[in-house]
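A structural walkthrough
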There are 2 protein chains.
Amino acid sequence: MNSKIEKLIKQFAKLPRLGSRAAQRIVLNLLQDKTGRALSLANALIDAAETIRPCPVCGVLTDADAGLCEFCRDDARANGQICVVRDLSDVWTLEKSAVFHGRYHILGGLLSGVAGTTPEDLNIKILPDRIKNEKIIEIIFALPNTVEGKTTQHYVVSVIGDIDGVNFSELASGVPLGGDLDYIDDGTLTLAFGGRKTL
Amino acid sequence: MNSKIEKLIKQFAKLPRLGSRAAQRIVLNLLQDKTGRALSLANALIDAAETIRPCPVCGVLTDADAGLCEFCRDDARANGQICVVRDLSDVWTLEKSAVFHGRYHILGGLLSGVAGTTPEDLNIKILPDRIKNEKIIEIIFALPNTVEGKTTQHYVVSVIGDIDGVNFSELASGVPLGGDLDYIDDGTLTLAFGGRKTL
């Protein structure tokens, strides 16, 4: 196989959700395309890589010359709520559901012994300042409902400590909408039972 | 969502085997990477897109300044056999199995009313010249075992016509190695029965 093509396939194969077969197909598709899709993809990638930076306050990726991100710039979002999430894709998911109208805080990962993620790797230090500066009254944790998610949540709560007038909350656990009990794991079922509501 | 990121995700989502969720994850992974993987991928893409061209004889992608591809340059491959395939990934598959030692001919697609592929879209015209110039004695069709594959094969055979000393062949149809009869479709089973061998 041509060495340049091989190199390109290897780089694509390292991307998440892609293996070497999918990478092969993608590279072939791009190189055989006559409309210049390979170059336009490459240029869009360079443009984004050179100008997109995490917002210095909340970590949402944004244009470097804009300073703050769209959420931190938007005064209508200053409703006293911060939603703490793992990464930007969680922000997109929440935005799509239009369920939250405050500001976000991206940790950039979860504490994990296996992955070797320590508190220093996460965007936590700035949170106490944000609470003060943005007059925050509620921190909503929307982290994955896993051991790592819960560990990280406990750690962040302990770092912030008790501040008068600041409440912490987390998303409810339970049976998902349309969820059939047959297909629900025991852990979720236990949480759903423990959190049952009187009608 | 930031417009540059959105544009990039849309371009990735158009690639084969990727949808918008996978494209999101890939773009996030690339833009959050601190080792410059986005730029290096973009540069490898530009390098390949600008210098890789189909071999003018057989259609295998190769460095433009090399002229012919690695197979057409290799005299050891001039064994009088040409294997006709749909695209370059079929060449890679056959090379990996090391089952064929002649030269290839990439059609660049299959005749298809649905996709609107006509004979003019395929790399067929040069085949009669190749048979003469390269002293070909066998044309092996390794096209997909589908209606479109067979239609294309018949068309190519009819275009080449009868040439003295040139044989046509196609890959055998039947039960794949390790194939359980329970999981084989009726069409394959019919072909396997029709082509049964005496022991």
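Below or above, wherever it landed, is the structure these notes cover. (Residues numbered from 1 in each chain as written. Chains lettered and ligands numbered in written order. Predicted model: local features only at pLDDT ≥ 70, side-chain atom pairs only at ≥ 80, totals over all residues. Heavy atoms only, no water.)

Comments concerning the overall build of chain A
A tally of regular secondary structure across chain A gives eight helices and six strands. Put simply, chain A runs from its N terminus to its C terminus through helices and strands in the order α-α-α-β-β-α-β-α-β-α-β-α-β-α. Scaling as 2.2 N^0.38, a compact globule of 199 residues should have a C-alpha radius of gyration of about 16 Å, whereas chain A reaches 21 Å, well beyond that. Among the 199 residues that make up chain A, the fraction classed as buried is 41%. The long-range fraction of contacts in chain A, counting pairs at least 24 apart against all pairs at least 6 apart in sequence, stands at 46%. In the structure as shown, chain A presents an accessible area of about 11300 Å², 53% of it carried by carbon and sulfur atoms. Looking at charge distribution, chain A has the averaged site of its 22 positive side-chain charges lying 8 Å from that of its 25 negative ones. (Helix = DSSP H or I, 4+ residues; strand = E, 2+ residues; numbered from the N terminus. Rg over C-alpha atoms; globule rule 2.2 N^0.38 Å. Buried < 20%, exposed > 50% of the residue type's maximum accessible area, 1.4 Å probe, protein only. Contact = heavy atoms within 4.5 Å. Areas by Shrake-Rupley, 256 points an atom, 1.4 Å probe, with all protein chains shown as cover. Lys, Arg positive; Asp, Glu negative; His and termini not counted. Charge placed at Lys NZ, Arg CZ, Asp CG, Glu CD.)

Section: the interface of chain B and chain A
Taken residue by residue, the interface counts 47 residues in chain B and 47 residues in chain A. Taken over both partners, the interface formed by chain B and chain A buries close to 4900 Å², and the fraction arising from carbon and sulfur atoms is 68%. Among the residues chain B hides against chain A, the three largest losses belong to K4, L45 and W92 of chain B. Together they make up 14% of the total. Our count for the chain B to chain A interface comes out at six salt bridges. Across the pair D47 of chain B and K4 of chain A runs a salt bridge, and its minimum N-O distance is 4.0 Å. Across the contact surface, chain B and chain A share 12 residue pairs in polar contact (both at pLDDT 80 or more). Mapped by element, the contributors of at least two residues to the side of chain B that touches chain A are α1 (3-13), α2 (20-32), α3 (37-51), β2 (61-63) and α5 (88-97) of chain B. Broken down by element, the side of chain B that touches chain A gets its largest block of residues, 15 residues, from α3 of chain B. Of the residues contributing to the side of chain B that touches chain A, the split by class is 26 nonpolar, 10 polar and 11 charged. (Buried area = accessible area lost by both parts, 1.4 Å probe. Salt bridge = Lys/Arg side-chain N within 4 Å of Asp/Glu carboxyl O. Polar contact = N/O pair within 3.5 Å; in protein donor to acceptor, adjacent residues only side chain to side chain. Nonpolar A, V, L, I, M, F, W, Y, C, P; charged D, E, K, R; others polar.)

Side note on the relation of the copies chain B and chain A
For the pair chain B and chain A, the superposition axis carries a translation of 0.0 Å, the fit reaches an RMSD of 0.1 Å, and the rotation angle comes to 179°. Both copies are brought into coincidence by an operation consistent with a two-fold rotation axis. No C-alpha of chain B lies nearer the rotation axis than that of A42 of chain B, which sits 2.2 Å from it. Here 100% of the interface residues in chain B have copies in chain A that are interface residues too; the copies meet face to matching face. (Least-squares fit on C-alpha atoms with pLDDT ≥ 70 in both.)

Here we look at the nonpolar core
Counting 82 residues, the largest nonpolar core has F12 of chain A together with F12 of chain B as the members making the most contacts within it. If sequence neighbours within four positions are ignored, F12 of chain A has contacts with L18, A23, I26, V27, L30 and L41 of chain A together with F12, L15, L41 and L45 of chain B. (Core = buried A, V, L, I, M, F, W, Y, C linked by side-chain atoms within 4.5 Å.)

Points about the environment of S169 of chain B
Structurally, the position occupied by S169 of chain B is in strand β6 (residues 167-170). Leaving out residues up to four positions away in the same chain, S169 of chain B has contacts with E138, I139, I140 and F141 of chain B.

With respect to the packing of aromatic side chains
Residues and elements named next belong to chain A. Counting across every chain of the model gives six aromatic pairs over all chains. Consider the rings of F71 and Y104, whose centres lie 5.1 Å apart with planes at 70°: the pair is edge-to-face. With F71 in helix α4 (residues 70-73) and Y104 in strand β4 (residues 103-106), this pair connects stretches of sequence that are 33 residues apart. Side by side, F71 and Y104 carry an identical accessibility label, which is buried. Connected via pairs of aromatic rings, a cluster forms that spans F71, F100 and Y104. (Phe/Tyr/Trp six-rings, centres within 6.5 Å; stacked < 30°, edge-to-face > 60°.)

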